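A closer look at the structure
One letter stands for each residue in the lines below.
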Amino acid sequence: MKFKRYVKISSGIIMIFPIVLLVLAAVVWSQNVFTGIVYLAVGVIQLVGMALIYPRISKEEDLWELGNKCVQHNWIALSLGLTGCAMFLAPFFAVDSTAIPYIAFAVCLLSALLSIFNLYKAVKETRARLVV
């Protein structure tokens, strides 16, 4: 199961990004609680969404089902990555001279791009459905 190994590795990489967001939430919390809450919400939901893929695919042998589960979890990561890209540089937050919003934007952009690639790979290799 070469694809199953790929899903585990790429999901682990995607799980690094929300952990970075959680660290940024802790850093920003003292400056602006509302900004910290948004960073925290995006990070926690994305982390939980990607962590739940491991028990769902652990005993899965059917390649098509494995691809469908990969698509489901990567849609979550993509949605939250796009949410972060749209929100973290928005004028909703107080104007700040630090690089934290730009780092959060870059982290979400990387998460979204890797999720897009995972969706493509799941559909191409397993003929999975692109709908959830």
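Now for a look at the structure at hand. This structure is a prediction, so every number in the text was calculated from the model and none was measured. (Residues numbered from 1 in each chain as written. Predicted model: local features only at pLDDT ≥ 70, side-chain atom pairs only at ≥ 80, totals over all residues. Heavy atoms only, no water.)

1. Overview of the environment of Tyr102
Locating Tyr102 in the fold gives a position in helix H5 (residues 100–126). Looking at Tyr102, the relative accessible area reads 52%, which means it is exposed. Residues Tyr102 and Met50, 52 residues apart in the sequence, show an inter-C-alpha distance of 23 Å. (Helix = DSSP H or I, 4+ residues; strand = E, 2+ residues; numbered from the N terminus. Buried < 20%, exposed > 50% of the residue type's maximum accessible area, 1.4 Å probe, protein only.)

2. Regarding the packing of aromatic side chains
Tallied over the full model, the rule gives three aromatic pairs. Measuring from ring centre to ring centre gives 6.5 Å for Phe117 and Tyr120, while their planes differ by 40 degrees; the resulting arrangement is tilted. Here the residue Phe117 and the residue Tyr120 both occupy positions in helix H5, the gap between them amounting to three residues, near one helical turn. Lys121 extends its terminal NZ or CZ atom over the ring of Tyr6, reaching a point 4.9 Å from the ring centre. (Phe/Tyr/Trp six-rings, centres within 6.5 Å; stacked < 30°, edge-to-face > 60°. Lys NZ or Arg CZ within 6 Å of the ring centre and 35° of its normal.)

3. Some thoughts on the packing of helix H1 (residues 2–29) against helix H2 (residues 33–51)
Between H1 and H2, the least distance of the axes is 8 Å, while the angle of their chain directions is 160 degrees. With respect to H2, the axis of H1 lies roughly antiparallel. Between H1 and H2 lies a crossing of left-handed hand. (Axes fitted to C-alpha atoms, helices over the stretch in contact; angles between N-to-C directions. Parallel < 35°, antiparallel > 145°, perpendicular 65-115°, else oblique. Left-handed = near helix turned anticlockwise from the far one by under 90°.)

Take it as geometry only, folks, not as evidence of what the structure does.
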